[in-house]
Amino acid sequence: MKNLLEIKDLKVTFPTDDGFVHAVDGVSLSVAPGETVAIVGESGSGKTVTSLSVIGLHNRKVTQITGSILVKDKDESLDIVSAPLDKIRSYRGRVVSMIFQDPMSSLHPYYKIGSQLAEAYLVHHPGKKEEANKKALEMLSLVGIPEPQVRAKEYPHQFSGGMRQRVMIAMALMNDPAVLIADEPTTALDVTVQAQILQLLKDLQKKLNMGILLITHDLGVVAQVADRVSVMYAGRIVEQGSIDDIFYLPHAPYTLGLLKSVPRIGAKSSERLKAIPGQPPSLINLPTGCAFAPRCEYISLAPAGSCESLKPELLGINGEHKSRCHVPEEKRDKLFAAEIKGART
Amino acid sequence: MPRFILRRAYFATLTILLVSIVVYGVFSILPFDPAALTCGQKCTPAIVEANRVKLGFDKPLWHQYWLFLSGIFLGRTYGAGSAEFTCPAPSFGYSFNENMCVTDMLAEALPVTINLAIGAFVIWITVGVGLGLLAAKFRGRYPDTISSVFVLLGTSLPTFVTGLFFLIYVTIKWKIVPLSLEGFVPITESPVKYLQYFILPWLTLAILYAAFYTRFTRATVLETLGEDYIRTARAKGLSEKVVLLKHTMRAVLAPITTSAGLDIAGLIGGAIITESIFNLAGLGRMTIQAVYEFDLSVVVATTILAASVVITMNLIVDIAYGYLDPRVRMK
Amino acid sequence: MSSPLLSVRNLQKYFPTSRNVGFRKEKLQVKAVDGISFDLMKGETLGLVGESGCGKTTAGRTILKLIEPTAGEIVFDSKDITKLRPGLMTPLRAQMQIIFQDPFSALNPRQTVGKIIAAPFEIQKVTPEGGVKKEVAALMERVGLNPEHYNRYPHEFSGGQRQRIGIARAIALKPKLIVADEPVSALDVSIQAQVINLIDDLQKADGISIVFIAHDLSVVQHISDRVAVMYLGKIMEIAKTEDLFSTPHHPYTTALLSAVPQPDPRSERTRERIILKGDLPSPINPPAGCVFNTRCWKVQEICRSKTPELLTVGKSQVACHFPE
C-alpha cells in the first residue's frame, strides 16, 4: 500500500450512563507520504476520537471499535483495530507519533527534557543509551531550540509555551515515524508562536517526507498547511477533498456554512456574519436522516422528506472530492460556488 | 539548591529555639511550685527549699532558661559543695523522681521509640502504597473492594482497640506471640526476642497508617493517571507497567514522602498509647509517666525533643521535596 | 466633539511578587499594564488585542475597578473614578458591566438561570417596570434563549447558550459600558458567529460602548470601530479598524497581521509571512526603551534606550521610533 495510513469505515462507540455515544460513525481517509491531511470539525464532531483511535489509545474493554486502521511500517502494515496491544505499542512513537494540544501538561514535570526525549528512543531501541542521548540533542537542534546541550538538562516548566511544543515535536520524531498526528497543536499558543510552529511542521515534513494528520477547528490553520481535508460533523465525514476543493468549491452545506460564518480580515465588517443557526446534535440521540438537517437552509432543494429520514452517502462526481448531501450535486455546484464568492469579497 | 537548603536550615534552627523558649516559659508559669514537687510524702519545707536552690528554681526565669540552654552544650551542675553533681553535656535537666540525668533517660528510651517508628513505617509504607497501587490499577474490581474494606477498618479502629485486641487475644489468650518480659533487646543481640518485642506494636500502628496511605495512594495514582503526560507516555509506546511504576509513581512520590516524613516524626514524638499498652520502654511511655508524676524536667525535655524532631523532619522533607519536584526548586 | 464616555490616561497596574535571594526576599513587580491611554466614545467598540501576557485582560478589569489601579487616571462619564472607594463605586457599577471568557465558570452552577440574570436587579436594588420576572423573561428572549427555561441550571445549557446568559446578565441594567473579555474564544466556530452577531446587534440597538478584548484578530476586525494593539503592558498602535488592518504602522502590528492564518489557501500559499524571532520577555523585567526592541527587525540604538511616545502617524497613533 502506498499510503502511510488508511482508515476504512471506522466506527467508535462509548457506553455512558445516558446511552451509547456514537462518537465516530463510519470514517474513511488516507494519508500519503509528504502530505498533510486535515480533519476539521468542532467539539463533538469526532475528530479527536478518530485521532486517538489511530494510535490505539482507547480503552478496549469499554470502547467498541469496528472498521480498520492500516498503518504502514516499511514493508509490513498493521491494523490497529484488530492488532494485539503489544504490537500497537511497538508502533506507537516509532511508526506513528502523536502530539497534543497543551504542551505544558503533556510533558512530565519531574523528568528532564533530555531524558524524556531519550526515553522515546529507548522504548524502541532498548539499551542504546548513548545513541538515544545523541539523537535527543540532534532533534532539539532540528526543531530550533538553541543550546540543546544546556536545555536538555532542564525541566518543562523552564520552557515557554512555544518551546515546549517544539520539544513535543522533537520527542514525537525521535524514531523517524512515518505519520505524525497533531491534535490541535497550536490552539493553546499565541498567534505569532503558532506561525512559528506551523512553519516548523511544514519544514520537517519536507525533510522527513512524513505524513501529517492534523486535527483542528481553525480553518485558517487548515488553509495554511493542509493538502487534503476531511470535514467532520456529528461523527461522520460530510466532505472530503483537496484543499482548493473544500475552500473554493464546497459541496456540503455544513462546510459552506462554516466558511461563510468565519470572520475574515479584509472582509466588509459592516455586514453581519452569516452564522449557522442552532447547535450540533447530541451524539447519543442522533436524528434520523442527515445529522445537519435541523440547521440546514437547503432542505427545500432536496427531494421531499429525504433529509429528515435518510442518511446521505458520501459521494462525489469527480473522484477525490466527495460530500454528503441529498441535494443533487449539480445544483449545489452552482449555488455554493456563488455563495462562497460572496463570502470571500 | 544548596542555598535552598541553607535557608531552610536557618529557619528551622530559629524555630527550634523559639519552641524551646515557649515550652520552657509555659511550664515555668504553671500554677504550682516545681520545687514542691521534687519530694514525696516525707517532705519538709526545709527539704523543699534546699531542692529549690539545688535545682536552680530560685533564680529568675530567664537565668533558668539560660542555664537550661547552656546545659545542652556545656552540661549543668546542680547544688553546691558536697551535694554537687553534674549532668554532662548534653544536659536536658535532672529528674528527681528517677534520680537520673534526663539525658541518660532519653538515651535509654530513644532507641526503643526509633525502632518502633521505623519498623512500623516499613510495614505501613509497603502495605499502604502497594495496596493503594493495586486498588488504583484494578479499580472497581476485587482488589479495590478488598482495599476499601481494609481502609474502612484501619481508619475506624483506634490504636487502643487494635493494640488491646492484639495484647489480649494474640499474646495472652492464643499465645501466638509470647509476652516479652525482658524489655528491649537490640536486633543485634537476639533477632527473635527483638521481633517478639516489636511485632505487635508495629502491627498496631501499621494498620492505622497503612489504611490512610492506601486511600491516599489510590487517590493520587488515579488522579495522576488522568494527566496529559501519562497519555503522552502511552503515545510513546511505553508498556502499562512502565507507565504505572515509573511515570505515575514518580509523580506520586513527592506527596507521599512529605506525609511519611511527618508521620514518622509524629511517632517519634511519642506513640504514647501503643507504648503504654505494650509496656514499651520508649519516649511515649516515659513522657506519660513523667506527666503523672509531675516530673517537670522530663516533660519539658521530651516536649522540646518531640518538637525538634518534627521541625527537623519538616526540614528534611522540604529538602527532599525540592529534589522530587523540580518546579519548587526554582524559587 | 462630544466628550468621551471613558477616558484612560497612563493607566498602570503592577502586581507585587517576590523572589528568594539568599536569606532575603527580593520584591519584584509584574508590570502587567504599564501606562496605557485611550478614549472611548459613546456607542463605540474599541478592540483591545494582543498575545498572552500583553496585559489586555488586566487592563479590562482595571478600567472597571475590579482591580485597583497602581497609577494613572480613569474618567468614566465625566467622573474621575480612579481613586473611588469600592463602596462608592457600587452605584456606578450599574453602568459598567463585564462579560467573561469562560461560559462554564462564569455562572454559579447552584443558581438557576433566572436567578443569575435577576441578580443585578437585586444587588442594585432596582425594580424594572413590570417586575423582575417579566424583565428577566424579556432579556432571555432578547439574547435568543427560551424564557420558559428560567428555572434550569447552567449545566443544562450548551457553551453558546451559557455565554448568552452571561450577556443577558450584563445588559440587564442597561449599562453604558461593557468590557467583553474574550467572549467568544471558548466557543465553537459555528457558535462564535451567532454570539458575535448578538453582541453586535445589542450594541447597535442600545448604544453601548464596548471594550472588546480578544486575541483573534479576525473577530476584532469584524466587530470593532477602533483597535488598540498591546504588547507587554503598553499600547503599540491604536487606530480606526480599517486603517489598522489596511495600513499598519507599527512593526508588531505588521508581524501580528502576517501571522494570522486566513481561510483562503491561495493567499496563504503566496503571501509573505513575518516570523518573529525569540520569546516574549518577562513582564517582571521588560526591556528598556521600546518593549518590542528584542524582537523587532528594525531595532536601532535609540529603541533600546528611549521609550517611544504614542504619536500620530498618518491616521493612526503609533508608539515607534521607526514606524512603517
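Residues numbered from 1 in each chain as written. Chains lettered and ligands numbered in written order. Predicted model: local features only at pLDDT ≥ 70, side-chain atom pairs only at ≥ 80, totals over all residues.

Regarding the overall build of chain C
Along the backbone of chain C there are 11 helices and 12 strands. Scaling as 2.2 N^0.38, a compact globule of 324 residues should have a C-alpha radius of gyration of about 20 Å, and chain C matches this with 21 Å. In terms of its C-alpha atoms, chain C occupies a principal-axis envelope of roughly 65 × 55 × 50 Å. Of all 324 residues assigned to chain C, the portion counted as buried reaches 46%. (Helix = DSSP H or I, 4+ residues; strand = E, 2+ residues; numbered from the N terminus. Rg over C-alpha atoms; globule rule 2.2 N^0.38 Å. Buried ≥ 20, exposed ≤ 12 C-beta atoms within 10 Å, placed from the backbone.)

Some thoughts on the overall build of chain B
Looking only at helices and strands, one finds 13 helices and four strands in chain B. Taking the contacts inside chain B whose residues are at least 6 apart along the sequence as the reference set, 65% of them involve residues at least 24 apart. (Contact = placed C-beta atoms within 7 Å.)

Considering the nonpolar core
Counting residues in hydrophobic clusters, the biggest one holds 195 residues, and the most contacted among them are A:Val179, A:Leu213, A:Val231, C:Ile117, C:Phe212, C:Val229 and C:Ile235. The biggest single contributor to this core is helix H7 (residues 161-172) of chain A, with seven residues. Aside from chain neighbours lying at most four places away, what touches C:Ile117 is C:Val136, C:Leu139, C:Met140, C:Ile165, C:Ala168, C:Arg169 and C:Ala172. Ranked by size, the runner-up nonpolar core spans 65 residues in total, among them B:Ile264, B:Ala265, B:Val300 and B:Ala306. (Core = buried A, V, L, I, M, F, W, Y, C linked by C-beta atoms within 7 Å.)

Considerations on the pairing of strand E3 (residues 36-40) of chain A
All names here are of chain A. For E3, a buried count of five out of five residues is recorded, marking the element as mostly surrounded by other parts of the structure. Covered by surrounding structure in E3 are Thr36, Ala38 and Val40 together with Val37 and Ile39, the residues of both alternating faces. As defined by bridge partners, E3 adjoins strand E8 (residues 211-216) across five bridges and the pair is classed as parallel. Directly across from Val37, in E8, lies its bridge partner Leu213. (Pairing = 2+ DSSP bridges.)

Regarding the interface of chain C and chain A
Taken together, the contacts link 34 residues of chain C with 34 residues of chain A. Contributing elements (two or more residues each) for the side of chain C that touches chain A: helix H6 (189-206), helix H7 (217-223), helix H8 (241-246), helix H9 (251-259) and helix H10 (265-270) of chain C. Ranked by residue count, the leading element in the side of chain C that touches chain A is H6(C), at seven residues. In terms of residue class, the side of chain C that touches chain A is built from 15 nonpolar, 12 polar and seven charged. (Nonpolar A, V, L, I, M, F, W, Y, C, P; charged D, E, K, R; others polar.)

Some remarks on the sheet that holds strand E9 (residues 228-233) of chain A
All names here are of chain A. Within the open sheet, the eight strands sit side by side as E6-E7-E8-E3-E9-E10-E12-E11. Their pairing is mixed. Each edge of the open sheet is held by one strand with a lone partner, namely strand E6 (96-99) and strand E11 (314-315). Strand direction decides the pairing type here: E3 and E9, joined by four bridges, are parallel. Bridged to Ala38 within E9 is Val229.

Brief notes about the packing of helix H11 (residues 253-261) of chain A against H6(C)
It is the contact of H11(A) with H6(C), at a shortest axis distance of 9 Å, that shows an interaxial angle of 45°. Accordingly, the angle class assigned to the pair H11(A) and H6(C) is oblique. Viewed along their axes, H11(A) and H6(C) form a crossing whose handedness is left-handed. Along its contact with H11(A), which presents A:Gly257, A:Leu258 and A:Ser261, the element H6(C) presents C:Val189, C:Ser190 and C:Ala193. (Axes fitted to C-alpha atoms, helices over the stretch in contact; angles between N-to-C directions. Parallel < 35°, antiparallel > 145°, perpendicular 65-115°, else oblique. Left-handed = near helix turned anticlockwise from the far one by under 90°.)

Looking at the domain arrangement of chain B
All names here are of chain B. Entries for chain B in the domain assignment read domain 1 (16-102) and domain 2 (103-329). Each partner contributes to the interface: domain 1 provides 20 residues, whereas domain 2 provides 18 residues. Listed by contribution, the elements that provide at least two residues to the side of domain 1 that touches domain 2 are helix H1 (2-28), strand E3 (94-95) and strand E4 (100-101). Sorting elements by how many residues they give to the side of domain 1 that touches domain 2 places H1 first, with six residues. Residues belonging to the side of domain 1 that touches domain 2 are distributed by class as follows: 14 nonpolar, five polar and one charged. (Domains from an automatic or database assignment.)

Thoughts on helix H5 (residues 142-156) of chain B
Residue and element names in this part refer to chain B. In this model H5 runs 21 Å from its N-terminal to its C-terminal C-alpha over 15 residues, within 8% of the 21 Å that 1.5 Å per residue would give. Where H5 is concerned, the buried positions are Ser147, Val151 and Gly154. Angularly, the buried residues of H5 cover 75° about the axis, an arc narrow enough to put them on a single face. Opposite its buried face, H5 presents the exposed residues Tyr142, Thr145, Val149, Leu152 and Ser156, each directed more than 90 degrees away. Where the residues of H5 are buried, they touch helix H4 (102-137) and helix H7 (191-225). (Expected span 1.5 Å × (residues − 1). Arc of directions from axis to C-beta.)

With respect to the packing of H1(B) against helix H12 (residues 296-324) of chain B
All names here are of chain B. As a packed pair, H1 and H12 sit with axes 10 Å apart at the nearest point and diverge in direction by 160°. Comparing the axis directions of H1 and H12 gives the class roughly antiparallel. Pair H1 / H12 crosses with right-handed handedness. Looking at side-chain class alone, the contact of H1 with H12 contains 17 nonpolar, six polar and two charged residues.

Describing the pairing of strand E10 (residues 234-240) of chain C
All names here are of chain C. The element E10 is extensively covered by neighbouring structure, given that six of its seven residues are classed as buried. As defined by bridge partners, strand E9 (residues 226-231) adjoins E10 across six bridges and the pair is classed as antiparallel. When the sheet's bridge partners are listed, Val229 is paired in E10 with Glu237. Here E9 folds back onto E10, and the loop between the two strands holds two residues, one of which, Leu232, carries a positive phi near 45°. Pairing analysis gives two bridges linking E10 to strand E12 (residues 316-318), with the strands arranged antiparallel.

Re helix H3 (residues 113-124) of chain C
For the α-helix, the turn length of 3.6 residues means that residues three or four positions removed from each other point alike. Residue and element names in this part refer to chain C. Among the residues making up H3, those that are buried are Val113, Ile116, Ile117, Ala118 and Pro120. Packing partners of the buried residues in H3 comprise helix H4 (132-142) and helix H5 (159-171). One or two residues past the end of H3 sits Lys125, with phi positive at roughly 55°.

Structural notes on the sheet that holds strand E2 (residues 19-31) of chain A
Residues and elements named next belong to chain A. Read from one edge to the other, the open sheet built from four strands follows the order E2-E1-E4-E5, with strand pairing classed as antiparallel. The open sheet is flanked by E2 and strand E5 (76-79), the only strands paired with a single partner. Pairwise comparison of adjacent strand axes, ignoring direction, gives a mean angle of 20° for this sheet. Pairing of strand E1 (residues 5-16) with strand E4 (residues 64-73), which is carried by seven bridges, proceeds in the antiparallel orientation. Bridge pairing in E4 places Lys11 opposite Thr66. Seen against the sheet, helix H1 (residues 47-54) touches E1, E2 and E4 and runs at an angle of roughly 115° to E1.

Some thoughts on unusual backbone geometry
Residues and elements named next belong to chain C. Positive phi is not limited to glycine here, since Lys65 has a value of about 60°. When you line up the elements, Lys65 lands in the loop between helix H1 (56-63) and strand E4 (71-76). Under the C-beta neighbour-count criterion, Lys65 is labelled buried, with 20 such atoms within 10 Å. One non-glycine residue, Lys125, adopts positive backbone phi at about 55°.

Examining the confidence of the model for chain C
Where the model shows low pLDDT, its predicted coordinates should not be examined in detail. Summing up the model confidence of chain C, the mean pLDDT is 91 and the portion of residues at 70 or higher is 98%. What the predictor reports for the complex is a pTM of 0.86 with an ipTM of 0.88. (pLDDT = per-residue confidence, 0-100.)

Looking at the environment of A:Met1
Residue and element names in this part refer to chain A. Along the chain, the position of Met1 falls in the segment before E1. Along the sequence, Met1 and Lys72 sit 71 residues apart, while their C-alpha atoms lie 7.6 Å from each other. With near-sequence residues (within four places) excluded, Met1 lies in contact with Glu6, Leu70, Lys72 and Ser77.

Brief notes about the environment of B:Gly56
Residues and elements named next belong to chain B. Inspection of the secondary structure assignment puts Gly56 in the loop between helix H2 (45-54) and helix H3 (61-74). On the neighbour-count criterion, Gly56 (18 C-beta atoms within 10 Å) is partly exposed. In this structure the C-alpha to C-alpha distance between Gly56 and Ala107, which are 51 residues apart in sequence, comes to 24 Å. Discounting residues that sit within four places of it in the chain, Gly56 has contacts with Gln64 and Leu67.

Topic: the environment of A:Leu286
All names here are of chain A. With respect to the element layout, Leu286 can be found in the loop between H11 and helix H12 (306-309). Note on Leu286: 16 C-beta atoms within 10 Å, which makes it partly exposed. Here the alpha-carbon distance between Leu286 and His22, two residues 264 residues apart in the chain, equals 8.4 Å.

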